Amino acid sequence: MSNLLIPVILAGGKGERFWPLSRRHRPKQFLSLDGSSRSLLQATADRLLTLAGGWDHLWVITSSQIAQGVREQLPDLPELNLLIESEGRDTAAAVAWTSLEIKKRYGEDAVIGFFPADHWIADQDVFAHTLSAATQLATSTAAIVTLGIKPTFPSTGYGYIEQGEKIGSFNNLPAYHVNRFTEKPNLETAETFLSTGRFSWNSGMFVFRAGVVLEELRIHAPEIIEPLEQQGPDVYPQLPKKSIDYALMEKTSLAYVLPVEFGWDDLGDWNAIERLLKQEDNPNVELATHVGLDTQGAIVYASNADDVVVTIGLEDVVIVRDRNVTLVVKKERTQEIKQILKTLQNDPRFTDLL
C-alpha cells in the first residue's frame, strides 16, 4: 500500500467571500466558477480519482451541514469514505481524525494527501507528476511534504514557504527542507521574498505517511490528537480550533517542500474569476447578460440567465446577482464581504440570505 496515494478532499469550508452565490447550504465548493459544468468539488475529485486508483480509495471530510450536498455531488463516493464533522474545528482536527481512520484501514505506512475542495488546477498532467514525486518522497522519508506554488507576483493574500537545504530530486523535481512558514506578508516583504527565489506560496496541499503525521501530532498538538485517539469523533466539539499550519507545520522539523508549477489558484474571492476568465478583447469579465456603457474592469455574474445587468460609467467593480440579492463592491474590497455577513447574521430580517 505504500506506493498508493490516498487522497482526502477537505470540503468543510464556507467560501464566504463568494457570497451571495455561496450560501450556507451551497458553499463555494458546490459552485462552478470557471464556466464549466463541474463544480469545484467535482473537479477536485476528477483530478484525484486516477491517483487514487478509483472511488474506493478517495476520501472526503466535510461538515454535517453540507454532507448531503457532498453525497449528491459525488454519488459514487463510498459512504465509508465520507467523514462528517459534527462541528467545524479547522484543518488540524480534520487532518488528525482522517489520518486516524485511514491508518485503521490501510496501516501506518499508507501515504495520505490532503487537498482543499475549492482550488483550480490548470495542468492536470503536471499535477499528477507532482503528486507522484510527493508520494515518492513521503514513502522514502519521514516527511511531511507540502506543495509550494512558485509565485508569479508578490501576493499579500497567501502564506509563504522558505526553502532550505535541497535533500534530493523525486520524479525530476527538487525537494527542499522547509526553513520557515510565513503568514500573509505586507507588499514590501512579499517583494523581498520573490527577489530571493527561495519562497513559494503555501498551497495548503500536504502529503505524508499516516504514522509520520500522527506521531508529529502527538508531539506538537497532543490537545487535538489524544482526545480523538481516546474518545473518537464524539469529542469533536471540544477540540481546539486550529489550522494544520499553526498546529503542526510551523512546528515540525519534518516539513519538506516541492516548489511546483501547474497553474494554480485558490479561488479566494471574486477577483479570482478575472484571473481565470479575463479575455484581452473584452474590458470586463461577464458571466451574465451585461449591457455596459463606459464600464471597464468589471466582473459581472448573474445566476439567472433571464436577469440583465446594466452598468454606466463603472470601473473595477464586482456585481453579483443571485436570487433576491445583488452585491456591488469595488474589487479592492472584496475581502470585506465577510464583515457584511456578520452584519446580516445579527439582523433577523436577513437570516434567509446567509
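Just so it is clear, the model here is predicted, and its values are computed rather than measured. (Residues numbered from 1 in each chain as written. Predicted model: local features only at pLDDT ≥ 70, side-chain atom pairs only at ≥ 80, totals over all residues. Heavy atoms only, no water.)

What follows deals with the overall build of the protein chain. In terms of helices and strands, the protein chain carries ten helices and 17 strands. Against the compact-globule benchmark of 20 Å for 354 residues, the protein chain has a radius of gyration of 21 Å, which places it among compact chains. In terms of principal-axis extent, the alpha carbons of the protein chain reach across some 60 × 45 × 35 Å. For the protein chain, the residues scored as buried account for 51% of the 354 residues in total. In the structure as shown, the protein chain presents an accessible area of about 16,200 Å², 47% of it carried by carbon and sulfur atoms. Counting 33 positive and 47 negative side-chain charges, the protein chain places the centres of these two groups 4 Å from one another. (Helix = DSSP H or I, 4+ residues; strand = E, 2+ residues; numbered from the N terminus. Rg over C-alpha atoms; globule rule 2.2 N^0.38 Å. Buried < 20%, exposed > 50% of the residue type's maximum accessible area, 1.4 Å probe, protein only. Areas by Shrake-Rupley, 256 points an atom, 1.4 Å probe, with all protein chains shown as cover. Lys, Arg positive; Asp, Glu negative; His and termini not counted. Charge placed at Lys NZ, Arg CZ, Asp CG, Glu CD.)

Within helix H7 (residues 222-231), burial applies to Ile224, Ile225, Pro227 and Leu228. Along the long axis of H7, the arc covered by the buried residues comes to 170°, so they all point the same way. Looking at the buried positions of H7, the neighbouring elements they touch are helix H3 (90-106), helix H6 (210-220) and helix H8 (244-249). Following H7 by one or two positions, Gly232 adopts a phi angle in the positive range, close to 80°. (Arc of directions from axis to C-beta. Contact = heavy atoms within 4.5 Å.)

Core analysis: the largest hydrophobic core is formed by 46 residues, its most contacted members being Ile9, Leu258 and Phe262. Considering each element in turn, this core owes the most residues, six residues, to helix H4 (residues 124-140). When sequence neighbours within four positions are dropped, the list of residues in contact with Leu258 reads Thr130, Ala133, Ala134, Val145, Thr146, Leu147, Gly148, Leu173, Pro174 and Ala175. By size, the runner-up hydrophobic cluster in this structure holds 44 residues, among which are Ile224, Tyr236, Ile244 and Ala255. (Core = buried A, V, L, I, M, F, W, Y, C linked by side-chain atoms within 4.5 Å.)

Moving on, we come to unusual backbone geometry. With an omega of 10°, the peptide bond between Trp19 and Pro20 qualifies as cis. Summarising the element assignment, Pro20 is placed in the loop between strand S1 (5-10) and helix H1 (40-52). The backbone of Asn171 sits at a positive phi, close to 55°, despite the residue not being glycine. Looking at where Asn171 falls in the secondary structure, it is placed in the loop between strand S7 (160-170) and strand S8 (173-182). The exposure class of Asn171 is partly exposed, given its relative accessible area of 22%. At Leu267, a position not held by glycine, the phi torsion is positive, near 45°. Position of Leu267 among the secondary structure elements: in the loop between strand S11 (264-265) and helix H9 (271-277).

Among the structural elements, Asn282 can be located in the loop between H9 and strand S12 (285-287). Polar side-chain contacts of Asn282 include one of 2.9 Å to the backbone nitrogen of Asn284. (Polar contact = N/O pair within 3.5 Å; in protein donor to acceptor, adjacent residues only side chain to side chain.)

Let us look at the packing of H3 against H7. In the contact formed by H3 and H7, the axes pass within 10 Å of each other and the chain directions differ by 40°. What the angle tells us is that H3 and H7 run oblique. Between H3 and H7 lies a crossing of right-handed hand. Between H3, through Ala92, Ala93, Ala96, Trp97 and Leu100, and H7, the contact on the second element is made entirely by Ile224, Ile225, Leu228 and Glu229. Considering only residue class, the contact of H3 with H7 consists of eight nonpolar, no polar and one charged. (Axes fitted to C-alpha atoms, helices over the stretch in contact; angles between N-to-C directions. Parallel < 35°, antiparallel > 145°, perpendicular 65-115°, else oblique. Left-handed = near helix turned anticlockwise from the far one by under 90°. Nonpolar A, V, L, I, M, F, W, Y, C, P; charged D, E, K, R; others polar.)

Okay, the side chain of Asn284 next. Considering the arrangement of structural elements, one finds Asn284 in the loop between H9 and S12. Within the local environment of Asn284, its side chain forms a polar contact with the backbone nitrogen of Ala298, the two atoms lying 2.9 Å apart. If we ignore the near neighbours within four places in the chain, the residues touching Asn284 are Lys278, His290, Thr295, Gln296, Gly297 and Ala298.

On to the sheet that holds strand S14 (residues 299-302). With mixed pairing, four strands are arranged side by side in an open sheet as S12-S14-S16-S17. Unpaired on one side and paired on the other, S12 and strand S17 (325-330) mark the two borders of the sheet. Between one strand and the next, the sheet's axes are offset by a mean angle of 5°, whatever the strand orientation. Note that strand S16 (residues 317-322) and S17 share six bridges and pair antiparallel. Counted as the bridge partner of Val318 is Val329 from S17. (Pairing = 2+ DSSP bridges.)

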